[in-house]
Amino acid sequence: MTAPASTSDDLFFAYGTLMRGAGGPWAERLEAMGELLGRGGTPGRLFRVSWYPGMVEADGPGQRVQGEVWRLADPGRAWALLDEFEGVIPGKPDISRYRRAVVDVTLDDGATLACQAYLLNYPTDDLEPIPSGDFRDVTL
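Residues numbered from 1 in each chain as written. Predicted model: local features only at pLDDT ≥ 70, side-chain atom pairs only at ≥ 80, totals over all residues. Heavy atoms only, no water.

Asker: Explanation requested: the packing of helix H1 (residues 25–33) against helix H2 (residues 75–86) in the structure shown.
Answerer: When two helices pack together, their arrangement is given by the angle between the helix axes and by the axis-to-axis distance. Running from N to C, H1 and H2 point in directions that differ by 165°, and their axes come no closer than 11 Å. Comparing their axes, H2 and H1 come out roughly antiparallel. The two elements H1 and H2 meet at a crossing, and its hand is left-handed. Residue-level inspection shows Trp26, Arg29 and Met33 of H1 in contact with H2, the latter providing Arg77, Ala78, Leu81, Leu82 and Phe85. Looking at the contact of H1 with H2, its residues break down into six nonpolar, no polar and two charged. (Axes fitted to C-alpha atoms, helices over the stretch in contact; angles between N-to-C directions. Helix = DSSP H or I, 4+ residues; strand = E, 2+ residues; numbered from the N terminus. Parallel < 35°, antiparallel > 145°, perpendicular 65-115°, else oblique. Left-handed = near helix turned anticlockwise from the far one by under 90°. Contact = heavy atoms within 4.5 Å. Nonpolar A, V, L, I, M, F, W, Y, C, P; charged D, E, K, R; others polar.)

Asker: Honestly, the pairing of strand E2 (residues 34–43) in this entry has me stumped. Any pointers?
Answerer: Consecutive side chains of a regular strand alternate in pointing toward one face of the sheet and then the other. Where E2 lies against strand E5 (residues 64–72), nine bridges are found, and the strand directions are antiparallel. Looking across to E5, one finds that glycine 38 is bridged to valine 69. With two bridges joining them, E2 and strand E6 (residues 98–107) adopt antiparallel strand pairing. Each bridged residue has a counterpart across the sheet, and for glycine 41 the counterpart in E6 is threonine 106. (Pairing = 2+ DSSP bridges.)

Such coordinate-based values are descriptive only and should not be taken to indicate function.
Right, here's the structure in full:
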């Protein structure tokens, strides 16, 4: 199986309120900025921060976060908007809410793609874990 011809520069892994059907204006904005390639998962742990989730790296086997892979039509413009939405402060990673990192996502069809995703940039000690790794399982 051949993966789409893309690089991590134009691929985004959405795992929370930006997923299709989330109902918010930013989910609709993402749909206007890109093309949904499919659903998939990546190693990681998911936490409920508030009305939105945060993902951190896995610290053991079997921990996965489920979401969607999007190809951004205009990555430069899209990343600037997404960084702002996610609380990434340019040049100040120590006080940014999230940080962007490359993660390997395995799509439901078996293809693996290197995608950029937003990882929570602060401790999760006081946050509620989402054991399934799928934000759609959370009742707000």
